[in-house]
Amino acid sequence: MFKTVEWKNGCVRLIDQRLLPEEETYLDFTDSDDVARAIKDMVVRGAPAIGVTAAMGATLAGKAIETNDTGEFMAKFEKALETLSASRPTAVNLFWAIERMRKVAKTSLPDGGVDFTKQKLEEEAIKVYEEDLVINKKMGENGAELIEAGDTILTHCNAGALATAGDYGTALGVIKAAHLAGKNIKVIADETRPWLQGARLTAWELMKEKIPVRLITDNMAGHLMKKRLVNKVVVGADRIAANGDVANKIGTYTVAVLAKRHNIPFYVTAPMSTIDFETATGDGIPIEERDPSEVTNIMGGQRIAPEGVEVYNPAFDVTPNDLIAGIITEKGVARAPFKESLAKLR
Ligand code: MRU
C-alpha cells in the first residue's frame with residue numbers, strides 16, 4: 001500500500017501525486033521552504049494531507065534553527081510558518097495545523113528551551129498525522145450508515161487516502177467503509193478538470209481497493225443523474241464555514257445543484273479541523289486562483305487553447321448549505337440548520 005505522507009528518518013516523505021497513476025515515486029524533504037513549495041506545486045494535495053505535511057514541515061523548520069536563544073528561535077520559526085501559510089489559501093487544515101505547531105513552540109520554549117521545543121514539535125507533527133488516521137476511520141464508520149445496499153455513489157475530485165494522512169480518506173473513507181460492510185456499492189468518479197484528481201487519483205485508489213468504479217468526464221454527471229444511475233453524492237471539503245457552506249474542488253457546486261434537481265442526497269465528509277468557525281459564511285472563504293496554463297494545456301503538456309486566450313482558473317467553489325443533506329464528521333453527522341448542528345459537534 002502507498003504512503004501519502006510520512007515522517008521518515010528526520011525527513012518528510014511524500015508520494016509525488018503529480019506523477020500518479022503512472023509512477024509511484026517518493027520525494028524526501030529536509031527543508032521547510034521546499035515543503036511549502038511541494039504543497040504549492042501539488043506534490044501533495046487535499047486538505048487534511050496538506051495539514052499533516054505542513055505540521056511536519058514546521059518540525060523541519062524548528063530543527064534547522066541554530067540558536068539557544070528562545071526569542072531568536074521563535075522569530076525564525078514564525079518566518080518559516082509564514083512561508084508554509086502562503087503555500088495555498090483555501091484548505092483551512094493548513095492554517096489549523098500551523099497554529100497547532102505555533103502553540104507548541106510558544107508553550108515549550110519557556111518550559112524547556114530550544115532543544116526541548118524541537119522534540120515537542122516532532123511529537124506534535126506525529127500526533128497530527130496519527131490523529132488524522134483515526135479520525136478518517138471514524139468518519140468512514142459514521143458515513144457508511146447513510147449508504148444503502150446497492151447504492152451507486154458519485155464523488156468529485158479526490159478525497160481518499162491520498163488527500164489525508166493515509167489509509168481511508170474522507171469521502172472515500174465512507175465509500176471504503178460501506179464496501180467493507182458488504183453493501184455492494186459502486187462508484188462514479190468525476191474526472192475533475194483541470195488537475196484530473198478524479199481520473200488520476202480516485203480511480204487509481206478505488207481500483208487498488210477493488211471497489212467498482214466508473215470514470216466519467218465532469219459534464220456527464222447530469223445525464224447520469226437524470227437516468228437514475230446515481231443514488232448519492234459524497235464529496236470532501238477544503239473549508240466549511242460556520243453556517244455549513246462548503247468550499248471544495250471546482251465543480252462541486254455544479255454537482256450539488258444537479259443532485260438537488262434530481263432529489264439525490266448530497267453529503268460532505270470532513271474532519272472537524274476543516275470547519276472554520278471563524279468564517280461565518282462561504283462568502284468569507286478565500287478561493288485560490290491558479291495558473292492559466294492548467295486550463296490551456298493538458299497536464300503541463302499539449303496545448304488545447306489558442307495562444308494568448310484569456311483564462312479564469314478558480315481552484316475551488318462554494319456549495320451553499322441548502323444543497324447539503326448532511327456533513328459527516330468524526331463526531332457525528334450534522335444536518336440543517338448547520339450553524340447550530342456544527343456548533344454542537346465542536
Ligand atoms: O486542489 P486539491 O487537489 O488540493 O483539492 C482537493 C479537494 O478539493 C478535495 O476534494 C478536498 O481537499 C477534500 S480532501 C479530503
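Engineer: Looking at this structure, I do not really get the site of the ligand. What am I missing?
Structural biologist: In the neighbourhood of the ligand, 18 residues make up the surrounding shell, with R45, R88, Q197, D238 and K249 lying closest. R45 is positioned with one of its side-chain polar atoms (N or O) 2.8 Å from an oxygen atom of the ligand. K249 places a side-chain nitrogen or oxygen 2.7 Å from an oxygen atom of the ligand. Relative to its free-state accessible area of 410 Å², the ligand is covered by the protein chains to the extent of 100%. At a threshold of 2 Å from the grid points, most atoms of the ligand map onto the largest cavity. Its residues placed into classes, the shell around the ligand shows eight nonpolar, six polar and four charged. No fewer than three residues from each of domain 1 (5-138) and domain 2 (140-345) sit in the shell around the ligand.

Engineer: Please clarify how the layout of surface pockets should be interpreted in this entry.
Structural biologist: Over the atoms, a rolling probe the size of a water molecule traces out where space has been left empty. Approximately 520 Å³ is the volume found for the largest pocket. As for the largest pocket, its lining consists of 24 residues, of which W96, R100, M272, S273 and I275 are closest to the centre. Of all the secondary-structure elements, those providing two or more residues to the lining of the largest pocket are α2 (47-64), α4 (92-144) and β11 (275-276). Per-element tally for the lining of the largest pocket: the top contributor is α4, with 11 residues. Of the residues in the lining of the largest pocket, the class split is 11 nonpolar, three polar and 10 charged. Two domains each donate at least three residues to the lining of the largest pocket, and these are domain 1 (5-138) and domain 2 (140-345).

Engineer: Is there a simple way to think about the sheet that holds β11 in this case?
Structural biologist: Hydrogen bonds between backbone atoms are what pair the strands of a sheet, whose relative direction is either parallel or antiparallel. Strands sit in the order β11-β8-β9-β12 across an open sheet of four strands; the sheet is mixed. Single-partner strands in this sheet number two, and they are β11 and β12 (316-319).

Engineer: Help me understand the packing of helix α1 (residues 32-40) against α2, please; the structure alone is not making it clear to me.
Structural biologist: Closest axis-to-axis distance for the α1/α2 pair is 8 Å, and the angle between their directions is 165°. Between α1 and α2, the angle falls in the class roughly antiparallel. Relative to α2, the crossing made by α1 is left-handed. Of α2, the residues touching α1 (which contributes S32, V35 and I39) are I50, T53, A54, G57, L60 and A61. Its residues placed into classes, the contact of α1 with α2 shows six nonpolar, three polar and no charged.

Engineer: Sorry if this is basic, but what is going on with α4 here?
Structural biologist: Note that an α-helix has 3.6 residues per turn; residues three or four places apart therefore point the same way. Taking 1.5 Å per residue as the helical rise, α4 with its 53 residues ought to reach 78 Å, whereas the 25 Å between its terminal C-alpha atoms falls clearly short. Taken as a whole, α4 carries its principal kink of about 130° at G112.

Engineer: Please explain the pattern of salt bridges as it appears in this structure.
Structural biologist: Side-chain pairs of opposite charge can arise where the charged atoms are in close proximity. In the structure shown here, the tally under the stated rule is 22 salt bridges. For E99, the salt bridge goes to R102, with nearest N and O atoms at 2.6 Å. Note that E99 and R102 are positioned in helix α4 at a spacing of three residues, about one turn of the helix. The salt bridge partner of R100 is E124, with a shortest N-O separation of 2.9 Å. A single burial state applies to R100 and to E124, both of which are buried. Residues joined in a network through salt bridges with shared partners are R88, E288, R290 and E294.

Engineer: For this particular structure, what's the right way to read the pairing of strand β6 (residues 213-216)?
Structural biologist: Bridge count between strand β5 (residues 186-190) and β6: four bridges; the pairing is parallel. Bridging across to β6, I188 finds its partner in R214. For the crossover that starts at β5, traverses helix α6 (residues 197-208) and ends in the parallel β6, the hand is right-handed.

Engineer: Honestly, the environment of R303 in this entry has me stumped. Any pointers?
Structural biologist: Examined against the element boundaries, R303 turns out to sit in the loop between α9 (293-296) and β12. Taking the relative accessible area as the measure of exposure, R303 reaches 32% and is therefore partly exposed. When the C-alpha positions of R303 and F73 are compared, they lie 47 Å apart, and in sequence the two are 230 residues distant. Within the structure, the side chain of R303 is placed 2.8 Å from the backbone oxygen of A305, a separation counted as a polar contact.

Rules of the game
Residues numbered from 1 in each chain as written. Predicted model: local features only at pLDDT ≥ 70, side-chain atom pairs only at ≥ 80, totals over all residues. Heavy atoms only, no water. Near = heavy atom within 4 Å. Polar contact = N/O pair within 3.5 Å; in protein donor to acceptor, adjacent residues only side chain to side chain. Areas by Shrake-Rupley, 256 points an atom, 1.4 Å probe, with all protein chains shown as cover. 1 Å grid on protein atoms, 1.4 Å probe; cavity = no way out; pocket = protein on both sides within 12 Å on 5 of 7 lines; lining within 4 Å. Sits in = over half its atoms within 2 Å of the grid points. Nonpolar A, V, L, I, M, F, W, Y, C, P; charged D, E, K, R; others polar. Domains from an automatic or database assignment. Points joined across faces, edges and corners; volume = space filled by probe spheres on them. Helix = DSSP H or I, 4+ residues; strand = E, 2+ residues; numbered from the N terminus. Pairing = 2+ DSSP bridges. Axes fitted to C-alpha atoms, helices over the stretch in contact; angles between N-to-C directions. Parallel < 35°, antiparallel > 145°, perpendicular 65-115°, else oblique. Left-handed = near helix turned anticlockwise from the far one by under 90°. Contact = heavy atoms within 4.5 Å. Expected span 1.5 Å × (residues − 1). Bend = angle between axes of the 7 residues up to and from the residue. Salt bridge = Lys/Arg side-chain N within 4 Å of Asp/Glu carboxyl O. Buried < 20%, exposed > 50% of the residue type's maximum accessible area, 1.4 Å probe, protein only. Right-handed = clockwise from strand over helix to strand, strands pointing away.

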